[in-house]
Amino acid sequence: MATDIPKVDDLLKTACAAFEKRFGCKPEVAGCAPGRVNLIGEHTDYNEGFVFPMALPQVTLVVGRKVDGGLCRVVTLADIKENKEVEFNVPTAAAPLQPGSPKWANYVKGVVANFKGDKVGFDAVIITSVPIGGGVSSSASIEVATYTFLEGVTGTFGQVDKKEKALACQKAEHEFPGMPCGIMDQFISVMGEKDNALLIDCRSVESRLVPMKDPSVAILVTNSNVKHELTGTEYPTRRRQCELTAKLLNKKSLREATEEDLKELKVKVDDEHFRRARHVIGEIKRTEEAATALESGDYDKFGKLMVESHNALRDDYEVSCPELDQLVKAAMEVKGVYGSRMTGGGFGGCTVTLVKKDEVDKVMEHIQECYKGTATFYVCVADNGARLINL
Ligand code: GAF
(Lines give C-alpha, C1' and ligand atoms only; values in the text may rest on other atoms or scores of the structure.)
Protein backbone atom coordinates (compact mmCIF):
# COMPACT_ATOMS: atom_id res chain seq x y z
CA MET A 1 0.00 0.00 0.00
CA ALA A 2 1.13 3.51 -0.71
CA THR A 3 2.29 5.54 2.28
CA ASP A 4 0.25 8.67 2.97
CA ILE A 5 2.18 11.84 2.35
CA PRO A 6 1.68 14.18 5.33
CA LYS A 7 -0.28 17.32 4.49
CA VAL A 8 1.74 20.54 4.63
CA ASP A 9 -0.88 21.99 7.01
CA ASP A 10 -0.39 19.13 9.45
CA LEU A 11 3.39 19.46 9.35
CA LEU A 12 2.99 23.17 9.91
CA LYS A 13 0.79 22.65 12.98
CA THR A 14 3.35 20.23 14.46
CA ALA A 15 6.23 22.62 13.78
CA CYS A 16 4.38 25.64 15.20
CA ALA A 17 3.45 23.74 18.37
CA ALA A 18 7.05 22.60 18.80
CA PHE A 19 8.29 26.14 18.28
CA GLU A 20 5.95 27.54 20.92
CA LYS A 21 6.92 24.84 23.37
CA ARG A 22 10.65 25.37 22.86
CA PHE A 23 10.82 29.15 22.46
CA GLY A 24 7.76 30.29 24.40
CA CYS A 25 6.19 32.39 21.63
CA LYS A 26 4.53 31.97 18.26
CA PRO A 27 6.56 31.67 15.05
CA GLU A 28 6.06 34.45 12.51
CA VAL A 29 7.49 33.02 9.29
CA ALA A 30 7.30 29.64 7.55
CA GLY A 31 9.55 28.76 4.61
CA CYS A 32 8.59 25.67 2.63
CA ALA A 33 10.55 23.77 -0.04
CA PRO A 34 9.95 20.39 -1.68
CA GLY A 35 12.08 17.35 -2.36
CA ARG A 36 12.19 16.12 -5.93
CA VAL A 37 12.05 13.02 -8.03
CA ASN A 38 14.16 13.01 -11.16
CA LEU A 39 12.24 11.33 -13.99
CA ILE A 40 15.34 10.96 -16.17
CA GLY A 41 18.72 12.67 -16.69
CA GLU A 42 20.93 11.24 -13.96
CA HIS A 43 24.47 12.42 -13.29
CA THR A 44 24.13 14.80 -16.20
CA ASP A 45 23.73 18.10 -14.33
CA TYR A 46 27.42 18.51 -13.45
CA ASN A 47 28.20 17.61 -17.07
CA GLU A 48 26.10 20.60 -18.22
CA GLY A 49 23.49 18.26 -19.67
CA PHE A 50 19.71 17.98 -19.34
CA VAL A 51 17.78 16.81 -16.28
CA PHE A 52 14.04 16.24 -15.99
CA PRO A 53 12.83 16.36 -12.38
CA MET A 54 9.52 17.29 -10.76
CA ALA A 55 8.94 18.75 -7.29
CA LEU A 56 7.37 16.35 -4.80
CA PRO A 57 4.49 16.92 -2.39
CA GLN A 58 6.95 16.00 0.40
CA VAL A 59 8.43 19.18 1.84
CA THR A 60 10.72 20.66 4.44
CA LEU A 61 9.40 23.53 6.56
CA VAL A 62 11.48 26.02 8.49
CA VAL A 63 9.28 27.98 10.90
CA GLY A 64 10.40 30.62 13.32
CA ARG A 65 11.09 34.27 13.91
CA LYS A 66 13.79 36.89 13.74
CA VAL A 67 15.48 37.73 17.07
CA ASP A 68 17.60 40.66 18.13
CA GLY A 69 21.29 39.96 18.55
CA GLY A 70 23.28 37.57 16.48
CA LEU A 71 22.26 34.19 17.82
CA CYS A 72 20.66 31.51 15.60
CA ARG A 73 18.97 28.63 17.38
CA VAL A 74 17.64 25.72 15.33
CA VAL A 75 15.69 22.68 16.47
CA THR A 76 14.96 19.82 14.13
CA LEU A 77 12.00 17.47 14.27
CA ALA A 78 13.33 15.53 11.31
CA ASP A 79 14.14 11.90 11.63
CA ILE A 80 17.83 12.62 12.02
CA LYS A 81 19.63 10.46 14.51
CA GLU A 82 21.94 13.13 15.77
CA ASN A 83 21.79 16.14 18.03
CA LYS A 84 18.44 17.75 17.50
CA GLU A 85 19.33 21.31 18.44
CA VAL A 86 22.11 23.69 17.45
CA GLU A 87 23.16 27.24 18.20
CA PHE A 88 25.53 29.40 16.23
CA ASN A 89 26.23 33.10 15.70
CA VAL A 90 25.42 34.92 12.48
CA PRO A 91 28.62 35.11 10.48
CA THR A 92 30.74 38.23 10.28
CA ALA A 93 33.86 38.95 8.22
CA ALA A 94 35.93 38.38 11.36
CA ALA A 95 34.07 35.24 12.40
CA PRO A 96 32.73 33.35 9.39
CA LEU A 97 30.66 30.22 9.90
CA GLN A 98 32.47 26.90 9.70
CA PRO A 99 31.05 23.48 8.88
CA GLY A 100 30.98 21.07 11.80
CA SER A 101 28.83 18.72 13.79
CA PRO A 102 25.97 17.78 13.77
CA LYS A 103 25.99 17.11 10.04
CA TRP A 104 22.40 18.17 9.35
CA ALA A 105 23.13 21.66 10.67
CA ASN A 106 25.68 22.18 7.89
CA TYR A 107 22.83 22.51 5.39
CA VAL A 108 21.39 25.34 7.47
CA LYS A 109 24.71 27.03 8.27
CA GLY A 110 25.82 26.85 4.63
CA VAL A 111 22.69 28.70 3.57
CA VAL A 112 23.02 31.31 6.32
CA ALA A 113 26.60 31.90 5.15
CA ASN A 114 25.52 32.23 1.50
CA PHE A 115 22.29 34.18 2.01
CA LYS A 116 22.28 37.27 -0.21
CA GLY A 117 20.42 39.56 2.21
CA ASP A 118 21.09 40.89 5.70
CA LYS A 119 22.39 38.37 8.20
CA VAL A 120 20.06 38.27 11.20
CA GLY A 121 19.62 36.13 14.29
CA PHE A 122 16.64 33.77 14.43
CA ASP A 123 14.95 30.94 16.28
CA ALA A 124 13.62 28.16 14.10
CA VAL A 125 12.18 24.67 14.00
CA ILE A 126 12.76 22.39 11.02
CA ILE A 127 10.42 19.58 10.09
CA THR A 128 10.40 17.45 6.95
CA SER A 129 8.33 14.84 5.19
CA VAL A 130 11.03 14.24 2.57
CA PRO A 131 12.58 10.82 3.21
CA ILE A 132 16.08 11.52 4.57
CA GLY A 133 18.84 9.98 2.48
CA GLY A 134 16.26 8.57 0.06
CA GLY A 135 17.75 10.09 -3.08
CA VAL A 136 14.84 12.50 -3.38
CA SER A 137 16.72 15.58 -2.33
CA SER A 138 16.09 15.98 1.35
CA SER A 139 19.30 18.06 1.51
CA ALA A 140 18.26 20.57 -1.13
CA SER A 141 14.82 20.89 0.44
CA ILE A 142 16.42 21.84 3.79
CA GLU A 143 18.68 24.36 2.05
CA VAL A 144 15.95 25.95 -0.03
CA ALA A 145 13.46 26.01 2.86
CA THR A 146 16.10 27.70 5.02
CA TYR A 147 16.83 30.27 2.30
CA THR A 148 13.10 30.94 1.88
CA PHE A 149 12.71 31.32 5.65
CA LEU A 150 15.57 33.85 5.71
CA GLU A 151 13.89 35.77 2.88
CA GLY A 152 10.75 35.74 5.01
CA VAL A 153 12.38 37.04 8.19
CA THR A 154 14.23 39.79 6.30
CA GLY A 155 11.16 40.74 4.23
CA THR A 156 12.96 40.06 0.94
CA PHE A 157 11.05 37.09 -0.48
CA GLY A 158 11.14 37.13 -4.28
CA GLN A 159 13.75 39.88 -4.50
CA VAL A 160 16.62 37.61 -5.41
CA ASP A 161 16.33 35.97 -8.81
CA LYS A 162 15.27 32.31 -8.49
CA LYS A 163 18.34 31.02 -10.31
CA GLU A 164 20.60 32.98 -8.00
CA LYS A 165 18.76 31.56 -5.02
CA ALA A 166 19.24 28.00 -6.31
CA LEU A 167 22.92 28.70 -7.00
CA ALA A 168 23.43 30.11 -3.49
CA CYS A 169 21.93 26.93 -2.02
CA GLN A 170 24.14 24.76 -4.27
CA LYS A 171 27.18 26.74 -3.09
CA ALA A 172 26.06 26.12 0.50
CA GLU A 173 26.07 22.38 -0.18
CA HIS A 174 29.53 22.51 -1.77
CA GLU A 175 31.03 24.51 1.06
CA PHE A 176 29.40 23.09 4.19
CA PRO A 177 28.39 19.43 3.84
CA GLY A 178 31.16 19.33 1.21
CA MET A 179 29.12 17.60 -1.48
CA PRO A 180 30.12 18.71 -5.02
CA CYS A 181 26.55 18.39 -6.33
CA GLY A 182 25.19 19.73 -9.60
CA ILE A 183 22.38 22.28 -9.81
CA MET A 184 19.37 20.00 -10.36
CA ASP A 185 18.11 19.53 -6.81
CA GLN A 186 18.21 23.15 -5.66
CA PHE A 187 16.87 24.34 -9.01
CA ILE A 188 13.75 22.17 -9.00
CA SER A 189 13.17 22.80 -5.29
CA VAL A 190 13.06 26.53 -6.06
CA MET A 191 11.35 26.42 -9.49
CA GLY A 192 9.00 23.42 -9.40
CA GLU A 193 5.41 23.98 -10.49
CA LYS A 194 2.29 22.01 -9.69
CA ASP A 195 1.33 19.47 -12.39
CA ASN A 196 4.55 20.03 -14.32
CA ALA A 197 7.94 18.43 -14.69
CA LEU A 198 10.83 20.72 -15.55
CA LEU A 199 13.34 20.10 -18.33
CA ILE A 200 16.46 21.92 -17.19
CA ASP A 201 19.37 22.67 -19.46
CA CYS A 202 22.21 22.75 -16.95
CA ARG A 203 24.52 24.52 -19.42
CA SER A 204 22.38 27.61 -20.03
CA VAL A 205 20.40 27.12 -16.79
CA GLU A 206 17.26 27.69 -18.86
CA SER A 207 14.27 25.46 -18.25
CA ARG A 208 10.96 24.43 -19.80
CA LEU A 209 7.83 23.23 -17.99
CA VAL A 210 6.31 20.01 -19.29
CA PRO A 211 2.71 19.34 -18.16
CA MET A 212 2.08 16.14 -16.18
CA LYS A 213 -1.66 16.19 -15.74
CA ASP A 214 -2.80 12.99 -17.40
CA PRO A 215 -5.05 11.24 -14.83
CA SER A 216 -4.51 7.85 -16.49
CA VAL A 217 -0.84 7.61 -15.49
CA ALA A 218 0.90 7.74 -12.15
CA ILE A 219 4.40 8.37 -10.87
CA LEU A 220 5.29 5.78 -8.27
CA VAL A 221 8.30 6.47 -6.06
CA THR A 222 9.60 3.36 -4.31
CA ASN A 223 12.06 3.74 -1.48
CA SER A 224 14.43 0.77 -1.18
CA ASN A 225 15.13 1.97 2.38
CA VAL A 226 18.80 1.22 1.91
CA LYS A 227 21.64 3.67 1.71
CA HIS A 228 25.08 2.29 0.96
CA GLU A 229 27.74 4.50 2.41
CA LEU A 230 29.49 4.90 -0.91
CA THR A 231 27.87 8.13 -1.94
CA GLY A 232 30.39 10.30 -0.11
CA THR A 233 33.37 9.11 -2.12
CA GLU A 234 31.83 7.75 -5.30
CA TYR A 235 30.00 10.91 -6.35
CA PRO A 236 33.08 13.18 -6.44
CA THR A 237 34.99 10.40 -8.20
CA ARG A 238 32.38 10.19 -10.96
CA ARG A 239 32.45 13.94 -11.31
CA ARG A 240 36.24 14.01 -11.60
CA GLN A 241 36.25 11.17 -14.13
CA CYS A 242 33.82 13.08 -16.35
CA GLU A 243 35.78 16.32 -16.07
CA LEU A 244 39.01 14.56 -16.92
CA THR A 245 37.48 12.89 -19.97
CA ALA A 246 36.02 16.18 -21.20
CA LYS A 247 39.43 17.77 -20.81
CA LEU A 248 41.07 15.03 -22.81
CA LEU A 249 38.61 15.80 -25.60
CA ASN A 250 39.36 19.52 -25.28
CA LYS A 251 35.76 20.17 -24.35
CA LYS A 252 34.38 22.35 -21.58
CA SER A 253 32.14 19.49 -20.45
CA LEU A 254 30.78 16.15 -21.66
CA ARG A 255 27.74 18.06 -22.89
CA GLU A 256 29.89 19.08 -25.84
CA ALA A 257 30.91 15.50 -26.61
CA THR A 258 29.37 13.56 -29.50
CA GLU A 259 29.00 9.92 -30.52
CA GLU A 260 32.07 10.49 -32.70
CA ASP A 261 34.05 11.59 -29.64
CA LEU A 262 33.06 8.36 -27.95
CA LYS A 263 34.83 6.42 -30.69
CA GLU A 264 37.93 8.52 -30.08
CA LEU A 265 37.66 7.89 -26.35
CA LYS A 266 37.60 4.14 -26.86
CA VAL A 267 41.33 4.29 -27.65
CA LYS A 268 42.23 7.29 -25.52
CA VAL A 269 40.94 6.32 -22.05
CA ASP A 270 40.54 3.17 -19.98
CA ASP A 271 37.34 1.16 -20.07
CA GLU A 272 35.96 2.72 -16.89
CA HIS A 273 36.31 6.30 -18.11
CA PHE A 274 34.90 5.25 -21.47
CA ARG A 275 31.79 3.75 -19.87
CA ARG A 276 31.26 6.81 -17.65
CA ALA A 277 31.33 9.01 -20.74
CA ARG A 278 29.05 6.65 -22.66
CA HIS A 279 26.45 6.92 -19.92
CA VAL A 280 26.60 10.71 -19.80
CA ILE A 281 26.49 11.24 -23.56
CA GLY A 282 23.64 8.74 -23.94
CA GLU A 283 21.72 10.06 -20.93
CA ILE A 284 21.77 13.67 -22.13
CA LYS A 285 20.26 12.55 -25.46
CA ARG A 286 17.71 10.29 -23.74
CA THR A 287 16.59 13.09 -21.45
CA GLU A 288 15.78 15.50 -24.29
CA GLU A 289 13.96 12.73 -26.14
CA ALA A 290 12.07 11.72 -23.02
CA ALA A 291 10.76 15.24 -22.42
CA THR A 292 9.46 15.36 -26.01
CA ALA A 293 7.92 11.91 -25.60
CA LEU A 294 6.12 12.95 -22.42
CA GLU A 295 4.86 16.12 -24.07
CA SER A 296 3.28 14.10 -26.83
CA GLY A 297 1.88 11.47 -24.47
CA ASP A 298 4.19 8.76 -25.83
CA TYR A 299 4.54 6.86 -22.55
CA ASP A 300 5.89 3.72 -24.21
CA LYS A 301 8.85 5.66 -25.52
CA PHE A 302 9.31 7.47 -22.23
CA GLY A 303 9.29 4.16 -20.37
CA LYS A 304 11.79 2.60 -22.76
CA LEU A 305 14.15 5.52 -22.20
CA MET A 306 13.76 5.15 -18.42
CA VAL A 307 14.86 1.54 -18.60
CA GLU A 308 17.80 2.39 -20.87
CA SER A 309 18.77 5.04 -18.34
CA HIS A 310 18.65 2.56 -15.48
CA ASN A 311 20.72 0.01 -17.37
CA ALA A 312 23.38 2.58 -18.20
CA LEU A 313 23.49 3.77 -14.58
CA ARG A 314 23.87 0.16 -13.47
CA ASP A 315 26.40 -1.07 -16.05
CA ASP A 316 28.31 1.98 -17.28
CA TYR A 317 28.09 4.53 -14.49
CA GLU A 318 27.94 1.89 -11.73
CA VAL A 319 25.87 3.87 -9.27
CA SER A 320 23.00 1.40 -8.82
CA CYS A 321 22.94 -1.41 -6.26
CA PRO A 322 21.28 -4.85 -6.03
CA GLU A 323 18.27 -3.45 -4.13
CA LEU A 324 17.51 -0.80 -6.77
CA ASP A 325 18.00 -3.35 -9.56
CA GLN A 326 15.54 -5.72 -7.86
CA LEU A 327 12.94 -2.97 -7.54
CA VAL A 328 13.25 -1.99 -11.20
CA LYS A 329 13.16 -5.60 -12.38
CA ALA A 330 10.07 -6.36 -10.31
CA ALA A 331 8.26 -3.22 -11.50
CA MET A 332 8.97 -4.07 -15.13
CA GLU A 333 7.35 -7.49 -14.71
CA VAL A 334 3.90 -5.96 -14.22
CA LYS A 335 1.60 -5.17 -17.13
CA GLY A 336 0.82 -1.48 -17.29
CA VAL A 337 4.30 -0.35 -16.26
CA TYR A 338 5.87 1.83 -18.95
CA GLY A 339 9.26 2.21 -17.36
CA SER A 340 11.21 2.24 -14.12
CA ARG A 341 14.65 3.38 -13.04
CA MET A 342 16.76 4.39 -10.06
CA THR A 343 16.50 8.09 -9.31
CA GLY A 344 18.99 10.49 -7.68
CA GLY A 345 22.64 9.91 -6.89
CA GLY A 346 22.29 6.13 -6.43
CA PHE A 347 23.78 3.46 -4.12
CA GLY A 348 20.36 3.12 -2.51
CA GLY A 349 17.41 5.46 -2.15
CA CYS A 350 14.47 5.36 -4.53
CA THR A 351 13.27 4.19 -7.91
CA VAL A 352 10.75 6.04 -10.05
CA THR A 353 8.16 4.17 -12.09
CA LEU A 354 5.75 5.41 -14.74
CA VAL A 355 2.64 3.25 -14.64
CA LYS A 356 -0.99 3.17 -15.72
CA LYS A 357 -2.96 4.58 -12.79
CA ASP A 358 -5.25 1.53 -12.57
CA GLU A 359 -2.28 -0.80 -12.17
CA VAL A 360 -0.49 0.99 -9.33
CA ASP A 361 -1.80 -1.34 -6.61
CA LYS A 362 -0.70 -4.43 -8.54
CA VAL A 363 2.76 -2.97 -9.08
CA MET A 364 3.24 -2.22 -5.37
CA GLU A 365 2.03 -5.69 -4.43
CA HIS A 366 4.34 -7.39 -6.92
CA ILE A 367 7.35 -5.31 -5.95
CA GLN A 368 6.84 -6.07 -2.29
CA GLU A 369 6.55 -9.79 -3.04
CA CYS A 370 9.81 -9.83 -5.01
CA TYR A 371 11.83 -7.36 -2.96
CA LYS A 372 14.05 -8.87 -0.30
CA GLY A 373 13.89 -5.78 1.92
CA THR A 374 10.97 -3.58 2.91
CA ALA A 375 9.98 -1.00 0.36
CA THR A 376 7.99 2.17 0.97
CA PHE A 377 5.72 3.47 -1.79
CA TYR A 378 4.59 6.99 -2.63
CA VAL A 379 2.21 7.86 -5.45
CA CYS A 380 3.30 11.39 -6.29
CA VAL A 381 1.97 14.28 -8.32
CA ALA A 382 4.17 17.18 -9.34
CA ASP A 383 3.93 19.99 -6.82
CA ASN A 384 5.05 23.57 -6.35
CA GLY A 385 8.54 24.81 -5.56
CA ALA A 386 9.60 26.96 -2.61
CA ARG A 387 7.12 29.34 -1.04
CA LEU A 388 6.35 31.23 2.16
CA ILE A 389 3.29 30.00 4.03
CA ASN A 390 1.06 32.49 5.82
CA LEU A 391 0.83 31.88 9.55
C1 GAF B 1 22.55 14.16 -6.49
C2 GAF B 1 23.13 15.53 -6.79
F3 GAF B 1 22.91 16.38 -5.76
C4 GAF B 1 22.55 16.11 -8.08
O5 GAF B 1 23.18 17.32 -8.39
C6 GAF B 1 22.67 15.12 -9.23
O7 GAF B 1 23.98 15.07 -9.71
C8 GAF B 1 22.16 13.74 -8.82
O9 GAF B 1 22.76 13.29 -7.60
C10 GAF B 1 22.43 12.70 -9.87
O11 GAF B 1 21.72 12.98 -11.02
O12 GAF B 1 21.19 14.27 -6.20
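This structure is a prediction, so every number in the text was calculated from the model and none was measured.

Moving on: the layout of surface pockets. Taken as a whole, the second largest pocket holds about 280 Å³ of empty space. Along its surface, the second largest pocket is lined by 18 residues, and Met212, Lys213, Asp214, Pro215 and Val217 are the ones closest to its centre. When residues of the lining of the second largest pocket are traced back to their parent elements, those giving at least two are strand E8 (217-227) and strand E11 (376-380). The greatest single-element share of the lining of the second largest pocket, amounting to three residues, is contributed by E8. For the lining of the second largest pocket, the per-class residue count stands at 13 nonpolar, one polar and four charged.

The next thing to look at is the packing of aromatic side chains. Summed over the entire model, instances satisfying the criterion amount to seven aromatic pairs. Look at phenylalanine 115 and tyrosine 147: their rings are 4.9 Å apart centre to centre, the planes differ by 65°, and that puts the pair in the edge-to-face class. Of this pair, phenylalanine 115 sits in the loop between helix H2 (104-114) and strand E5 (121-128) while tyrosine 147 sits in helix H3 (residues 138-153), and the two are 32 residues apart along the sequence. Judged by relative accessible area, tyrosine 147 falls into the buried class, the value being 1%.

Following serine 101, the chain continues into proline 102 via a peptide bond in cis, with omega recorded as 0°. Assignment of secondary structure puts proline 102 in the loop between strand E4 (85-89) and H2. Positioned with a positive phi, glutamate 48 is a non-glycine residue whose angle comes to about 60°. Within the secondary structure, glutamate 48 sits in the loop between strand E1 (29-40) and strand E2 (50-67). Residue phenylalanine 347 is not a glycine yet carries a positive backbone phi of 60°. Here phenylalanine 347 is to be found in the loop between strand E9 (337-342) and strand E10 (348-356).

With that out of the way, let us pick up H3. Helix length check: H3 (16 residues) gives 22 Å between terminal C-alpha atoms against 22 Å at 1.5 Å per residue, within 8%. With respect to burial, H3 is a largely interior element, 15 of its 16 residues being buried.

Below, the discussion takes up the UniProt feature "domain: Galactokinase N-terminal" (unreviewed entry) in the protein. With numbering matched to this structure, UniProt assigns "domain: Galactokinase N-terminal" (unreviewed entry) to residues 18-66. Secondary structure across residues 18-66 divides into 12% helix and 59% strand, with the first and last C-alpha atoms of the span separated by 17 Å.

With that settled, consider the site of the ligand. In the vicinity of the ligand, 13 residues are found, and the nearest of them are Glu42, His43, Asp45, Asp185 and Tyr235. Within the side chain of glutamate 42, a nitrogen or oxygen atom sits 2.6 Å from an oxygen atom of the ligand. Between histidine 43 and the ligand, the recorded distance is 2.7 Å, taken from a backbone N or O atom to an oxygen atom. Isolated, the ligand exposes 300 Å² of accessible area, and the fraction of that covered by the protein chains is 94%. Each residue belonging to the shell around the ligand can be placed in one class, and the counts come to five nonpolar, four polar and four charged.

Our focus in this paragraph is the UniProt feature "domain: GHMP kinase C-terminal" (unreviewed entry) in the protein. As recorded in UniProt, the sites labelled "domain: GHMP kinase C-terminal" (unreviewed entry) are residues 291-372. Along residues 291-372, the helical share is 54% and the strand share 18%, with 33 Å between the first and last C-alpha atoms.

With that settled, consider the nonpolar core. Within the largest apolar cluster, 54 residues are counted, with the highest numbers of intra-cluster contacts made by Leu39, Phe52, Met54, Ile219 and Phe302. A total of nine residues in this core trace back to one element, the largest contributor, which is helix H8 (residues 271-295). Those residues in contact with isoleucine 219 that lie beyond four places of it in its chain are Val37, Leu39, Met54, Met212, Val352, Thr353, Leu354, Tyr378, Val379 and Cys380.

Turning to the side chain of arginine 238, a few remarks are in order. Within the secondary structure, arginine 238 is located in helix H6 (residues 231-248). Overall, arginine 238 belongs to the buried group, its relative accessible area being 3%. Once residues within four sequence positions are removed from consideration, arginine 238 is found in contact with Tyr46, Arg276, Tyr317, Glu318, Val319 and Phe347.

This next bit is on the packing of helix H10 (residues 322-332) against helix H11 (residues 360-370). At a minimum axis separation of 9 Å, H10 and H11 run at an interaxial angle of 135°. Relative to H11, the element H10 lies oblique. The interaxial crossing formed by H10 with H11 has right-handed handedness. The residues of H11 that touch H10, namely those facing Gln326, Leu327, Ala330 and Ala331, are Val363, His366, Ile367 and Cys370.

Burial of strand E6 (residues 196-201) is extensive: six of the six residues sit out of reach of the surface. Of the two faces of E6, both are covered, the one formed by Asn196, Leu198 and Ile200 as well as the one formed by Ala197, Leu199 and Asp201. Turn length for the E6-strand E7 (residues 206-211) hairpin, with the two strands adjacent in sequence and antiparallel, is four residues, and the turn residue valine 205 shows positive phi of about 55°.

Before going further, it helps to spend a moment on the domain arrangement of the protein. It is common to report an interface's size as the accessible area lost on association of the parts. For the protein, the domain assignment lists domain 1 (8-211 + 383-390) and domain 2 (217-380). A separation of 25 Å is found between the C-alpha centroids of domain 1 and domain 2. Along the contact surface separating domain 1 from domain 2 lie five salt bridges. Notably, a salt bridge pairs arginine 208 with glutamate 295, separated by 2.4 Å at the nearest N-O pair.

Here we come to the pattern of salt bridges. Across all of its chains, the model carries 30 salt bridges by this definition. The salt bridge partner of glutamate 85 is arginine 22, with a shortest N-O separation of 2.7 Å. With glutamate 85 in strand E4 and arginine 22 in helix H1 (residues 8-23), the pair connects residues that are 63 residues apart, well separated along the chain. Overall, the relative accessible area of 35% leaves glutamate 85 in the partly exposed class. Between glutamate 308 and lysine 304 there is a salt bridge, with the nearest N and O atoms lying 3.3 Å from each other. Within this pair, glutamate 308 and its partner lysine 304 are both found in helix H9 (residues 299-315), separated by four residues, close to a single helical turn. A relative accessible area of 32% means that glutamate 308 is categorised as partly exposed.

The rules behind these values
- Residues numbered from 1 in each chain as written.
- Predicted model: local features only at pLDDT ≥ 70, side-chain atom pairs only at ≥ 80, totals over all residues.
- Heavy atoms only, no water.
- 1 Å grid on protein atoms, 1.4 Å probe; cavity = no way out; pocket = protein on both sides within 12 Å on 5 of 7 lines; lining within 4 Å.
- Points joined across faces, edges and corners; volume = space filled by probe spheres on them.
- Helix = DSSP H or I, 4+ residues; strand = E, 2+ residues; numbered from the N terminus.
- Nonpolar A, V, L, I, M, F, W, Y, C, P; charged D, E, K, R; others polar.
- Phe/Tyr/Trp six-rings, centres within 6.5 Å; stacked < 30°, edge-to-face > 60°.
- Buried < 20%, exposed > 50% of the residue type's maximum accessible area, 1.4 Å probe, protein only.
- Expected span 1.5 Å × (residues − 1).
- UniProt positions renumbered as here; feature names shortened; annotations may be inferred.
- Near = heavy atom within 4 Å.
- Polar contact = N/O pair within 3.5 Å; in protein donor to acceptor, adjacent residues only side chain to side chain.
- Areas by Shrake-Rupley, 256 points an atom, 1.4 Å probe, with all protein chains shown as cover.
- Core = buried A, V, L, I, M, F, W, Y, C linked by side-chain atoms within 4.5 Å.
- Contact = heavy atoms within 4.5 Å.
- Axes fitted to C-alpha atoms, helices over the stretch in contact; angles between N-to-C directions.
- Parallel < 35°, antiparallel > 145°, perpendicular 65-115°, else oblique.
- Left-handed = near helix turned anticlockwise from the far one by under 90°.
- Pairing = 2+ DSSP bridges.
- Domains from an automatic or database assignment.
- Salt bridge = Lys/Arg side-chain N within 4 Å of Asp/Glu carboxyl O.

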